[in-house]
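Observations on chain architecture
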Amino acid sequence: MAVDRRGFLKFVAGATTGVLATPVPWKLLDDASIWTQNWSWIPRNVDGENSYVSTISKLCPSAAGMKIRLVGDRPVRALPDDNHPLSMGGITALAAAEVQLMYSPSRVKRPLKRSGDGAYVAISWEEAEKMLKENLRRAGSKVAYVSGDETGTINELLSGMAKESGSEEFYVMPSEVQPATRAFASMNGKGQLGYDIENSDYVFAIGANILESWGTVLRNRAAYKKSHPAGEKPTVKFVYAGPVQNNTAAGVDEWLPAKSGTEAVFAMGIANLLIKSGATVGAPDFEEFKALAAQYTPQKVASLTGVAPAKLKAIATELSKAQRPVVLTGSEFGQGTGVATVLAGTAVNMLLGSFGREGGVKALPLVPKVIASGMDRNEIAEKDLVAYLSRISAGKVGTPRAMVFYEANPVYGLPQPAAMAKVMDKVPFKVAFTSFLDETAKACDLVLPTPLGLERFDDVETPYGINQAFYGLARPVAPCAIDGKPAADVLLSVAGKLNMDLGFATFEEILQAKAEAAGADWDSLMEGEFFTSDAVVEQSDLRLAADVIGKALAAAPKAAKLSIAPVQKLNIGTPNTAIPPYNNKTIRRWELQKNEMYVAMNGATARELGVVKHDRIKLSNNSGSIQARVNIFEGVMPNTIAVLMGFGHTAFDEFSKGKGENVMELLTVGYEAGTGQSVWNVAGVNVSKA
């Protein structure tokens, strides 16, 4: 039967009416909606009352104070704590992600051991502790411990275990602390350097990325915010000298483009001008320092740093006219700088009369150690992990039979990571206490899951850069989300079975003793309070260490034709955390596209290299190579390539693994003349099209 156009339309209309009239499709849609809403992986709203618990982040390098919002007994969000001296109403991008990281897919959920075929198999805690005990007993004195916690008393426990076994090999991952500690010690200083940014009227940061990676970042930001009220004239001038317009350079009142690794030279140029204007210091080696500083004329400093002589003179004049100036020196990416950098900066502060003055530099007291066989803060900071691993690689010291890693990821986070990984391959037994399956954990024979800072008791003592002594507790706000145990409890149990006498049975007893030694009230700490003190350590016979500065600068490597400048941003995480999942949304378009990273250079450098935006290039030197695409950004010095840190993970999860490449592959380790401090804040590269 033929169907004309009108008949076909009637058929379609009738069929549609029939379908709409029958209840069958609507019932199917209703069933499907109910079914899909009950999938197990769909997030559920949490019922319960809102409450807030004050604590301290153990993941964020700046030890951010924060409030955790709980609904019922479940943490749902990390918020700023207006009353905490380590945050002062702010929160970092990393600390804000800490609640989310409790449920990260990269968390180690149970103890793991490597089987004969190289794969990991789950084991019980009983078997794990037995395996740890037997391997530590077998290693004897040939054991090394590495910590990624800069401010915790667990370092006394780890170093105490090392010494109880007859080993001196305990190290903390490198940061600004090691060169600062060695610098102050070479000046005959006592205590820990502290910087009173809050009460300064002129803040000059040479290399020190104070709004992102140097010191107590949130306190620094709070001081900047207070002095820069919206719509009003700033009451304090902030100046930054560094090779890239990073977050600090973009925020301060004036950015001085200066080459990487020339921080000490810049400071010596300022010192020379201050001395010529009449500044002096009652130090026993002042005349020696004066002669050394005289070599750093504005013209010489300009040739080495890229800062014009007129600008150098203007900064020196502004500093000398300020009432309470402070100078901060460091690395633009929080590690790898030398002792001379801190010495030169401290010398400028002394010439300005800022040492021991409000708004300047202080010497803060350290809390006495409570584990007799453990190391104190200064002893720990004197130890150089990169130098130790390099000596093993060169065969200058013996390879340990066992290595214990506590929340540390040296396989990813140290310079020349491939070389560091080869050193680890030589070690017969390696164990990682970690929350995440990171690169170092994947290289270990035993992986022991630790609760995050929100799931355990821990402590924080006087972070570097703060202007007052501090002690506080990180308190658990929720049960551990995985089958984890606090590393301190496991280590104390194993230490007892190895007949080590550490003087304490539990970690809580250690923390109570530490709180008492600090002068803090334990009950108040347990309620979320904290201890601060404005006490300072009086100094006598401080020297400028001109001999140390002179040796270091005389042997400093010449600047490369083309250099890289690593850039650290807390939203991209740390070697211990990688990129928090939601923080992927904060990575900018021309920083990462899918799995390809971008590096930045200015237009003149791009033209000289013959590249344009989006070109894929290879950066290489004797240490290694990486590939990236080109972004043109005029906030980079000529002949400099800015490279973001935090990419190139080979472990963790889909949010971090395989995204970009690790800039640490390009950083070459050298050794500062006169101190032997390992340094890696300067690296030349070659560029070719990939």
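Since the structure is predicted, the reported quantities are computational estimates derived from the model, not experimental observations. (Residues numbered from 1 in each chain as written. Predicted model: local features only at pLDDT ≥ 70, side-chain atom pairs only at ≥ 80, totals over all residues. Heavy atoms only, no water.)

Quick look at the domain arrangement of the protein chain
Assigned domains within the protein chain: domain 1 (5–38), domain 2 (50–103), domain 3 (112–175 + 369–530), domain 4 (177–364) and domain 5 (558–689). The centre of domain 3, based on its C-alpha atoms, is set 30 Å off from the matching centre of domain 5. Each partner contributes to the interface: domain 3 provides 21 residues, whereas domain 5 provides 23 residues. With both chains or domains summed, domain 3 and domain 5 bury close to 1,700 Å², and 55% of this area falls on carbon and sulfur atoms. At the boundary of domain 3 with domain 5, the tally comes to zero salt bridges. At the junction of domain 3 and domain 5, the tally comes to 14 residue pairs in polar contact (both at pLDDT 80 or more). Where the side of domain 3 that touches domain 5 is concerned, the elements lending two or more residues are α15 (385–393), α16 (410–413), α17 (417–426) and α18 (439–442). With three residues, α15 is the largest single contributor of residues to the side of domain 3 that touches domain 5. The residue makeup of the side of domain 3 that touches domain 5, split by class, is eleven nonpolar, five polar and five charged. (Domains from an automatic or database assignment. Contact = heavy atoms within 4.5 Å. Buried area = accessible area lost by both parts, 1.4 Å probe. Salt bridge = Lys/Arg side-chain N within 4 Å of Asp/Glu carboxyl O. Polar contact = N/O pair within 3.5 Å; in protein donor to acceptor, adjacent residues only side chain to side chain. Helix = DSSP H or I, 4+ residues; strand = E, 2+ residues; numbered from the N terminus. Nonpolar A, V, L, I, M, F, W, Y, C, P; charged D, E, K, R; others polar.)

Focus on the pairing of strand β23 (residues 616–620)
By the alternation rule, side chains of β23 split into I617 and L619, which are all buried, and R616, K618 and S620, of which none is buried. Sheet analysis places β23 next to strand β24 (residues 625–632), joined by five bridges and oriented antiparallel. Paired with L619 across the two strands is I626, which belongs to β24. In textbook terms, the turn of a hairpin is the stretch between consecutive antiparallel strands, and for β23 and β24 this stretch comprises four residues. Sheet topology places β23 next to strand β28 (residues 686–689); four bridges connect them, and they run antiparallel. Residue pairing for β28: S620 is matched across the bridge by N686. (Buried < 20%, exposed > 50% of the residue type's maximum accessible area, 1.4 Å probe, protein only. Pairing = 2+ DSSP bridges.)

Notes on the sheet that holds strand β7 (residues 170–172)
One open sheet accounts for seven strands, arranged β5-β4-β16-β15-β14-β6-β7; its pairing is mixed. Every other strand in the sheet has two partners, leaving β5 (120–122) and β7 as the edge strands with one partner each. On average, adjacent strands in this sheet sit at an angle of 15 degrees to one another, irrespective of strand direction. Relative to β5, strand β4 (residues 112–114) is paired through three bridges, and the arrangement is antiparallel. (Axes fitted to C-alpha atoms, helices over the stretch in contact; angles between N-to-C directions.)

Some remarks on unusual backbone geometry
With phi around 70 degrees, N188 is a residue other than glycine that occupies positive phi space. Along the chain, N188 turns up in the loop between α6 (177–186) and β8 (192–195). Among the residues examined, N188 registers a relative accessible area of 38% and is labelled partly exposed. One non-glycine residue, K594, lies in the positive phi region at around 55 degrees. Assignment of secondary structure puts K594 in the loop between β21 (592–593) and β22 (596–601).

Here we look at the environment of A97
The residue A97 is located in the loop between β3 (74–80) and α3 (98–101) in this model. A sequence separation of 228 residues divides A97 from P325, and the C-alpha atoms of the two residues are 35 Å apart. Those residues within four positions of A97 in sequence are excluded, and the remaining contacts are P580 and N583.

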